[in-house]
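Here are the chains, one letter per residue:
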Amino acid sequence: MTTSTSLVYLIALPLAGAALLLLGGRRTDKWGHLLATALSASSFGVGLYELSQMLGRSTEARPVSQKLFEWINVGTFNVDAGLLLDQLSICFVLLITGVGTLIHIYSISYMSHDHDRRRFFAFLNLFIAAMLLLVLGDSYLSLYVGWEGVGLASYLLIGFWNHKPAYATASKKAFVMNRVGDMGLSFAIMIAFATMGTVSFAGVAEQVENTSEAALTGMGIMLLIAAAGKSAQFPLQAWLGDAMAGPTPVSALIHAATMVTAGVYLITRSNFVFDAAPTAQLLVVIVGAITLMFGALIGTAKDDIKKALAASTMSQIGYMTLAAGLGPVGYAFAIMHLLTHGFFKAGMFLGAGSVMHGMNDEVNMRKYGGLRKFMPITFITFGLGYLAIIGVPPFAGFYSKDAIIAEAFNSGGIKGVLLGSVALLGAAITAFYMTRVMVLTFTSKARWDDEAHPHESPALMWLPMALLALGSVSAGFLLTRGDALVNWMYPLFDHGDHKELHEELLPHSVVTILAVTMVVIGVTVALLKYQFKDVAAVAPTDVSWATRFARNDLGQDAFNEAVFMRPGQALTRGLVAVDEVVIDGAVHGVGAMAVGSGSTLRRTQSGYVRSYAALILVGALALLAAIWVVTQ
């Protein structure tokens, strides 16, 4: 492993931007957004330089490390604060800084009329820096610092317009639910320290063979809980829809391209733990399968364009999580879908912002329709992302999602049949609800009111959308050509020839035909329901229980309230009662006893000499009586 002196600049540049804009205050209002964008772009430039250097080295020499300082030195436990750039982290570095820079550029125009635009860009830079630390840390502790930094930045960005109570509540909900997941990461680090004596990735990988399967399973489950919180996976997914309260660029940056993929990074980075803990690995697959269906079903009933895309994000990360639980090749396919998803979903979120920009911030798709005539660039760029996410060949999602479906089918036995069938069904539902979004927004009859004046967005907004659309078209082909990404990532997993890991249940060509067929079915059903029928501008209330259930996020909030919140409130009230009656009662009782005793004794201090003489006489007589009794 070689060393580098430039890795720190990846993090330091956006971190410096955040510090300058926050400490500089209003004095930086006029140029703060430009500085933040330039520093994010500079980090992307450093990332490209590191990639070029990495490509010039042999496979074994590609990982780069950099020690920053000695962090913890207690007895035999030593942890250095260090950075690690390898084939996995460079993918995230380029995604975070590349897509992040495009979102910065988009935000220059999108937030141009916001009084606190400079503060918004400071938070964007802070998020970029924290996310880079998360993926560049060489230990679970370093990752944890970035993990918490991302949580802070997301809280600040989701609640950026916190003068609106609903938005402030949404940011708190995301923060609290992520803290639940963060406890899982804390426990995983504790297990690693207690059983292996190390928390570095390299150290844990070396100690896996000497660690019991029970400890590895426990660590794997805790890591999965952490991933579920950060990546909005079952059962910690309820915060994602509400997080759409933040400005739309936040949704593109955090909830499409970067933060919600941190859980997939954690599982993939910890491949050595999950490969040695089959039970934990199976749970990863189950969580991914449940979530991809969960998000897809919610997406079918959402009229809010951003919440429909949020449900889609939840579902697509479910695909990535499922793939990450399928072993060596699955890790590479998870990262492939993560990268392609970063292009098309970020582009669609920015497209949603463009639509809102032209429709007076209206988010209800039932009040759109016919916008392709008024917003042609948005329609084309959003449409390319749509074709990519539903898996139409040769767009990006076709390559990455089909690879996951094929790997699911070929994972072996009844498990493979079930997982492959779920993934196929998810593809059909994805095609349905994404076609619904396209039709309701762009191709159906216009349903907006007289106050709306739809128009195309300025160049600073549509240019990033166009560049992301190019990724939606080409990323899948480029990543799969000659198994480029699989071969790039595979040395990190070190499991031999992946082509011999299992028998092939279905040839990839058959899976492709099945997947495309499911896509055609989903698109057809959506067109028949929304394109060729009149759509009501107000959502009908006389709908089936299933539709109502999907509109209410499949009851996830009701479940959390019934199972966790209300019992928690009851437990809190009970503990308060115990505290007031038992603990406070005991303390108050002792105090009352002391006060009462003092009050009683105080009466004996009357100040009259005759009273004192009488007391002395009584005491003397009592003493004489006691002596007489004892001596008899």
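Just so we're clear, the structure is a prediction, and the values are computed from it rather than from any experiment.

Considering helix α4 (residues 117-136)
Its 20 residues give α4 an end-to-end C-alpha distance of 29 Å, which sits within 8% of 28 Å, the value for a rise of 1.5 Å per residue. The buried fraction of α4 amounts to 17 of the 20 residues, a majority that puts the element mostly inside the structure.

Section: the environment of Pro 454
Relative to the assigned elements, Pro 454 resides in the loop between α18 (413-443) and α19 (459-480). Pro 454 gets classed as buried once you look at its relative accessible area, which sits at 13%. If we skip the residues at most four places from it in the chain, Pro 454 touches Gly 358, Met 359, Leu 371, Phe 374 and Trp 448.

Some thoughts on the pattern of salt bridges
If the charged atoms of two oppositely charged side chains come close together, the side chains can form a pair. Applying the stated criterion to the full structure yields 16 salt bridges. The partner of Asp 86 in a salt bridge is Arg 269, with the nearest N and O atoms 2.7 Å apart. A residue pair is termed long-range when its members are at least 10 positions apart, and Asp 86 in the loop between β3 (77-85) and α3 (87-110) and Arg 269 in helix α11 (residues 262-269) qualify at 183 residues. Exposure remark for Arg 269: the relative accessible area of 8% places this residue in the buried category. Measuring nitrogen to oxygen at the nearest pair gives 4.0 Å for the salt bridge that ties Asp 182 to Lys 230. Of this pair, Asp 182 sits in helix α6 (residues 165-196) while Lys 230 sits in helix α8 (residues 213-230), placing them 48 residues apart in sequence. This pair shows no difference in class: Asp 182 is buried, exactly as Lys 230 is.

A short note on the packing of helix α16 (residues 376-390) against α18
Contact geometry of α16 with α18 gives a least axis separation of 10 Å together with a crossing angle of 170°. Classified by the angle between their axes, α16 and α18 sit roughly antiparallel to one another. Counted together, Thr 378, Phe 379, Phe 382, Gly 383, Tyr 386, Ile 389 and Ile 390 of α16 and Thr 430, Ala 431, Met 434, Thr 435, Val 437, Met 438, Phe 442 and Thr 443 of α18 form the full contact between these two elements. Its residues assigned to classes, the contact of α16 with α18 shows 10 nonpolar, five polar and no charged.

Describing the pairing of strand β2 (residues 64-74)
Examined bridge by bridge, β2 and β3 share nine bridges and lie antiparallel to one another. In the sheet register, Asn 73 faces β3, and the bridge partner there is Asn 78. Adjacent in sequence and paired antiparallel, β2 and β3 are bridged by two residues, among which Gly 75 carries a positive phi angle near 60°.

Section: the packing of α4 against helix α5 (residues 140-158)
Between α4 and α5, the least distance of the axes is 7 Å, while the angle of their chain directions is 155°. As far as their axial angle goes, α5 and α4 are roughly antiparallel. At the point where α4 passes α5, the crossing takes the left-handed sense. Along its contact with α4, which presents Phe 120, Phe 123, Leu 124, Leu 126, Phe 127, Ala 130, Met 131, Leu 133 and Leu 134, the element α5 presents Ser 142, Leu 143, Val 145, Gly 146, Trp 147, Gly 149, Val 150, Ala 153, Leu 156 and Leu 157. Here the contact of α4 with α5 is built from residues that sort into 16 nonpolar, three polar and no charged.

Things to note about the packing of aromatic side chains
Under the criterion given, the structure shown has 20 aromatic pairs. Their ring planes at 50° and their centres at 5.5 Å tell us that Phe 382 and Phe 442 sit as a pair that is tilted. Linking Phe 382 in helix α16 with Phe 442 in helix α18, this pair joins segments that are 60 residues apart in sequence. The buried category is assigned to Phe 442, whose relative accessible area is 0%. For the cation-ring pair, Arg 179 lies above Phe 175, with the distance from its terminal atom to the ring centre recorded as 4.2 Å.

Focus on the confidence of the model for the chain
Per-residue confidence for the chain gives a mean pLDDT of 91, with 97% of residues at or over 70. Note on residues 497-501: pLDDT under 50 across the span, and nine contacts to partners over four residues away in sequence or across chains.

What about a nonpolar patch on the surface?
Judged by side-chain polarity, Phe 234, Leu 282, Leu 283, Ile 286 and Ile 290 come together as a nonpolar surface patch covering roughly 360 Å² of accessible area. The partly exposed category is assigned to Ile 290, whose relative accessible area is 34%.

Comments concerning unusual backbone geometry
In this model, Phe 234 is joined to Pro 235 through a cis peptide bond whose omega is 5°. The residue Pro 235 is located in the loop between α8 and α9 (239-242) in this model. Going from Pro 393 to Pro 394, the amide bond is cis rather than trans, its omega being 5°. Structurally, Pro 394 is set in the loop between α16 and α17 (396-409).

Conventions we followed
- Residues numbered from 1 in each chain as written.
- Predicted model: local features only at pLDDT ≥ 70, side-chain atom pairs only at ≥ 80, totals over all residues.
- Heavy atoms only, no water.
- Helix = DSSP H or I, 4+ residues; strand = E, 2+ residues; numbered from the N terminus.
- Expected span 1.5 Å × (residues − 1).
- Buried < 20%, exposed > 50% of the residue type's maximum accessible area, 1.4 Å probe, protein only.
- Contact = heavy atoms within 4.5 Å.
- Salt bridge = Lys/Arg side-chain N within 4 Å of Asp/Glu carboxyl O.
- Axes fitted to C-alpha atoms, helices over the stretch in contact; angles between N-to-C directions.
- Parallel < 35°, antiparallel > 145°, perpendicular 65-115°, else oblique.
- Nonpolar A, V, L, I, M, F, W, Y, C, P; charged D, E, K, R; others polar.
- Pairing = 2+ DSSP bridges.
- Left-handed = near helix turned anticlockwise from the far one by under 90°.
- Phe/Tyr/Trp six-rings, centres within 6.5 Å; stacked < 30°, edge-to-face > 60°.
- Lys NZ or Arg CZ within 6 Å of the ring centre and 35° of its normal.
- pLDDT = per-residue confidence, 0-100.
- Patch = residues over 30% accessible without salt bridge, like charges linked within 9 Å, V, L, I, M, F, W, Y side chains within 5 Å.
- Areas by Shrake-Rupley, 256 points an atom, 1.4 Å probe, with all protein chains shown as cover.

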